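Take a look at the letters that make up each chain.
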Amino acid sequence: MKKLIIIAAAFLFIGAAASAQGPKFAHVNFNELVQLMPEMDSARVQMDASQKEIQDTYQSMIEEFNSKYAEYGEKQATWTQSVRESKEREIQSIQARIQEFEQSSQQDLAQLQNTLMAPIYQKAQDVVNNLAKAQGFIYVFDSSQLLYIDESQSTNLTQSAREALNIPAGRTMESLQAELQTKAQAAQQ
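One structure accompanies this document, and this report is about it. Just so you know, these numbers come straight off a predicted model, no measurement behind them.

Attention shifts here to the packing of helix H3 (residues 38-75) against helix H4 (residues 81-135). Axis separation between H3 and H4 bottoms out at 10 Å; the angle between their running directions is 175°. As judged from the angle between their axes, H3 and H4 are roughly antiparallel. Looking at the contact of H3 with H4, its residues break down into 19 nonpolar, seven polar and 11 charged.

Written out as structure tokens, the structure is:
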């Protein structure tokens, strides 16, 4: 009987010690991690190249349409009925191809973005999961989506995750915005 009381007391002591420590919470700015990852830079380059290719193709289709439409406007009075109808069908066909291209290119870009982003998100998620498990956290919240965080009761894992993901120490969302603006301005010139 004495052993049973000692064992019960030991379990109560362990339970009380665990509850006195309380649950461990952490937070991380997941959006910042993903946006600043080196792999994201590569994904942006691929997305930009695809968007440029689509824009160039779209522009050439518009130029073809404008050329045919201008020719139709200038010469329609001199054409026979059958030539005029043929040119109208040709212009309508170009319009339909432009609309189809717009729709399919948007779908292609969305699919490319999903394909490029999935492994990036997964890598960031895996790093956060590993850090949380190693440090014994029961919850990790995404601070970019929370209205309020009491920093005294939650550990910020963002810096540890940045290091694990090889994000340079000086790289911030502000520096990323500056980089992207510089690239956009260079592309316009």
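On to a nonpolar patch on the surface. Together, Ile 138, Tyr 139, Phe 141 and Leu 146 make up a nonpolar patch on the protein surface, roughly 380 Å² of accessible area in all. Take Phe 141: it is sitting in strand S2 (residues 139-142).

Applying the stated criterion to the full structure yields nine salt bridges. Measuring nitrogen to oxygen at the nearest pair gives 3.1 Å for the salt bridge that ties Lys 52 to Asp 56. In this pair, Lys 52 and Asp 56 both sit in helix H3, four residues apart, roughly one turn of the helix. According to the relative accessible area criterion, Lys 52 is exposed, its value standing at 52%. Where Lys 68 meets Glu 90, a salt bridge forms, and the shortest distance between an N and an O atom there is 3.1 Å. Of this pair, Lys 68 sits in helix H3 while Glu 90 sits in helix H4, placing them 22 residues apart in sequence. Residue Lys 68 is classed as partly exposed on the basis of its relative accessible area, which comes to 25%.

Definitions and cut-offs
Residues numbered from 1 in each chain as written. Predicted model: local features only at pLDDT ≥ 70, side-chain atom pairs only at ≥ 80, totals over all residues. Heavy atoms only, no water. Axes fitted to C-alpha atoms, helices over the stretch in contact; angles between N-to-C directions. Helix = DSSP H or I, 4+ residues; strand = E, 2+ residues; numbered from the N terminus. Parallel < 35°, antiparallel > 145°, perpendicular 65-115°, else oblique. Nonpolar A, V, L, I, M, F, W, Y, C, P; charged D, E, K, R; others polar. Patch = residues over 30% accessible without salt bridge, like charges linked within 9 Å, V, L, I, M, F, W, Y side chains within 5 Å. Areas by Shrake-Rupley, 256 points an atom, 1.4 Å probe, with all protein chains shown as cover. Salt bridge = Lys/Arg side-chain N within 4 Å of Asp/Glu carboxyl O. Buried < 20%, exposed > 50% of the residue type's maximum accessible area, 1.4 Å probe, protein only.

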